Amino acid sequence: MLFTKYLRDGVRSGAITRSVRVWMRPHVRAGKRYQFEAGEIEIDSINTITLEQITPRLARECGLASVDDLLKLARHGRGETIYLVDFHYVAPTDGLAVRSGARVG
């Protein structure tokens, strides 16, 4: 998955393990891994949510200061369905290239 530059340290440290995305269809699948810098992001779950379920607490869990900031970042395409993606970062273990995976925007 792709993350804006200022969120990447939080993802790598494990401080950020959720993301809200507005897509036309899901771009990731639970249980799959996707390339993220030197490591990978493993998707734990992906669920549709409503706009009303986006709270200040959820925004903070996603590494953002407010619901407005979250929505500005999440709404970058033509999508209408809101997805809550739970994930964790998997650091490389051997210094070699990680498995190839799809990059997701």
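Coordinates for the structure precede this section.
**Focus: the overall build of the chain**
Piece 1. Looking only at helices and strands, the chain has three helices and four strands in total.
Piece 2. Looking at the chain residue by residue over its 105 residues, the buried ones come to 36%.
Piece 3. Long-range pairs, those at least 24 residues apart, make up 76% of the contacts in the chain between residues at least 6 apart in sequence.
Piece 4. Accessible area of the chain: about 6,300 Å², with a carbon and sulfur share of 49%.

**A short note on the pattern of salt bridges**
Piece 1. A full pass over the atoms with the stated rule returns eight salt bridges.
Piece 2. Put simply, Glu 37 and Arg 8 hold a salt bridge, and the shortest N to O gap is 3.9 Å. Here Glu 37 is found in the loop between strand E2 (33-36) and strand E3 (39-49), whereas its partner Arg 8 is found in helix H1 (residues 8-13), with 29 residues between them in sequence.
Piece 3. The partly exposed category is assigned to Arg 8, whose relative accessible area is 28%.
Piece 4. Linking Glu 61 and Arg 57 is a salt bridge whose minimum nitrogen-to-oxygen distance equals 3.2 Å. Linking Glu 61 with Arg 57, this pair stays in helix H2 (residues 56-61), spanning four residues, or about one helical turn.
Piece 5. Counted as one network, the salt bridges with shared partners bring together Arg 8, Asp 9, Arg 12 and Glu 37.

**What to know about helix H3 (residues 67-74)**
Piece 1. Residues of H3 that are buried include every one of Leu 70, Leu 71 and Ala 74, and no others. Buried residues of H3, viewed axially, fall in a sector of 95 degrees; they line one side. When the buried face of H3 is taken as reference, the exposed residues oriented beyond 90 degrees from it are Asp 68 and Lys 72.
Piece 2. Next to the buried residues of H3 lie strand E1 (18-23) and H2.

What counts and what doesn't
Residues numbered from 1 in each chain as written. Predicted model: local features only at pLDDT ≥ 70, side-chain atom pairs only at ≥ 80, totals over all residues. Heavy atoms only, no water. Helix = DSSP H or I, 4+ residues; strand = E, 2+ residues; numbered from the N terminus. Buried < 20%, exposed > 50% of the residue type's maximum accessible area, 1.4 Å probe, protein only. Contact = heavy atoms within 4.5 Å. Areas by Shrake-Rupley, 256 points an atom, 1.4 Å probe, with all protein chains shown as cover. Salt bridge = Lys/Arg side-chain N within 4 Å of Asp/Glu carboxyl O. Arc of directions from axis to C-beta.

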